[in-house]
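Next come the chains, spelled out residue by residue.
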Amino acid sequence: MLKKVIFNKNNLYFVLIIIVGCFVRYYNFDKYGYWLDEYWGTFYLSNPELTFSGLKERIFDFGKFQHGMPEPTPIYYYYFLNIFFDNFGYTAQNGRIFSIIFSSMSLIFFFLISKIITSNFNSFVSLILITFNIFLIWEAQEARVQSFNLFLVSINLYIFCYLYFQKMTISVSTIYIISNFLMLSVHPLTGPIILANSIF
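Cut-off values and rules
Residues numbered from 1 in each chain as written. Predicted model: local features only at pLDDT ≥ 70, side-chain atom pairs only at ≥ 80, totals over all residues. Heavy atoms only, no water. Phe/Tyr/Trp six-rings, centres within 6.5 Å; stacked < 30°, edge-to-face > 60°. Helix = DSSP H or I, 4+ residues; strand = E, 2+ residues; numbered from the N terminus. Buried < 20%, exposed > 50% of the residue type's maximum accessible area, 1.4 Å probe, protein only. Lys NZ or Arg CZ within 6 Å of the ring centre and 35° of its normal. Contact = heavy atoms within 4.5 Å. Patch = residues over 30% accessible without salt bridge, like charges linked within 9 Å, V, L, I, M, F, W, Y side chains within 5 Å. Areas by Shrake-Rupley, 256 points an atom, 1.4 Å probe, with all protein chains shown as cover. Salt bridge = Lys/Arg side-chain N within 4 Å of Asp/Glu carboxyl O. pLDDT = per-residue confidence, 0-100.

*Asks:* Give a description of the packing of aromatic side chains that names residues and reports values.
*Replies:* Tallied over the full model, the rule gives 28 aromatic pairs. Ring centres of Y77 and F148 lie 6.2 Å apart, and the angle between their planes is 40 degrees; on these two criteria the pair is classed as tilted. Of this pair, Y77 sits in helix α5 (residues 75-88) while F148 sits in helix α9 (residues 145-165); the two residues are 71 residues apart in sequence, bridging distant segments of the chain. What makes Y77 buried here is its relative accessible area of 1%. Exposure remark for F148: the relative accessible area of 5% places this residue in the buried category. In this structure an aromatic cluster arises from ring pairing among Y77, Y78, F80, F84, F88, F98, F102, F109, F148, F151 and Y158. Directly above the ring of Y44 sits R58, whose terminal nitrogen or CZ lies 4.1 Å from the centroid.

*Asks:* Any details on the environment of Y76? Residues and values, ideally.
*Replies:* Residue placement: Y76 occurs in helix α5. Judged by its relative accessible area of 39%, Y76 is partly exposed. Taking C-alpha positions, Y76 is 22 Å from L107, a pair spaced 31 residues apart along the chain. Those residues in contact with Y76 that sit more than four places away from it in its chain are F52 and S185.

*Asks:* Before we move on, could you go through a nonpolar patch on the surface and cite the residues and values that matter?
*Replies:* Together, F52, Y76, F80, I83 and L182 line one region of the surface with nonpolar side chains, adding up to about 400 Å² of accessible area. In terms of residues, the nonpolar patch owes the most to one element, α5, which gives 3 residues. Take I83: it is sitting in helix α5.

*Asks:* Lay out the side chain of S99 in plain terms, naming residues and giving numbers.
*Replies:* By the element assignment, S99 lies in helix α6 (residues 92-117). If near-sequence neighbours (up to four positions away) are discounted, S99 is found in contact with E139, A140, E142, A143, R144 and S147.

*Asks:* Report on the confidence of the model for the protein chain, specifying residues and quantitative values.
*Replies:* Mean pLDDT for the protein chain: 84, with 91% of residues reaching 70 or above. Per-element mean pLDDT across the protein chain ranges from 41 in helix α1 (residues 2-6) up to 94 in helix α8 (residues 134-140). Throughout residues 1-7 the model reports pLDDT below 50, and contacts reaching past four residues in sequence, or to other chains, amount to 3 contacts.

*Asks:* Describe the pattern of salt bridges, listing the residues and the values that go with them.
*Replies:* Going through the model one piece at a time under the given rule, you end up with 2 salt bridges. Across the pair R96 and E38 runs a salt bridge, and its minimum N-O distance is 3.0 Å. Here E38 lies in helix α3 (residues 36-43) and R96 lies in helix α6, a separation of 58 residues in the sequence. On the basis of relative accessible area, R96 is assigned to the buried category, the value being 5%. Residue classification places E38 among the buried residues on the basis of a relative accessible area of 0%. Linking R144 and E142 is a salt bridge whose minimum nitrogen-to-oxygen distance equals 2.5 Å. E142 carries the same exposure label as R144, and that label is buried.

Encoded structure:
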């Protein structure tokens, strides 16, 4: 059984594409320094020395300074990054590695979504297109909320497709509801996705 899984041609292709996807996101990710807004808008705000309340206060003050109103990105992205910095080191490189990790993991979930709704061949075509998407690679190499948000969206869509096309259970439905709240907590622009799922 294990031998069949390891030497299955489709599994080998999948693993190879994922490895390549991780590589293209990681390659030269620190060639250029932070953009000014990338530093102040992410790195500075996610200082691991700050408590949750201190982080909230800094984000509020920064938003008023930059926009004349509170920072539009909710606090939870900065808090997750704050925890990552606290565990792995408060460095500029780690701010971008955080994005690379979640961008790479989203590839897996988008492939699983494709497997549910279309053929095996189309799933691999979709995976290749997402893997080599220039915009997603670029976003993965910057310390911004987009890649983390993409990961949460990919999980949410996978759970939705599982519920709609395969099996609706109370436990999976509960996880789907939680993922909706989590997405909205990280970025309010995920609202249209939830609306589209509800209409569908």
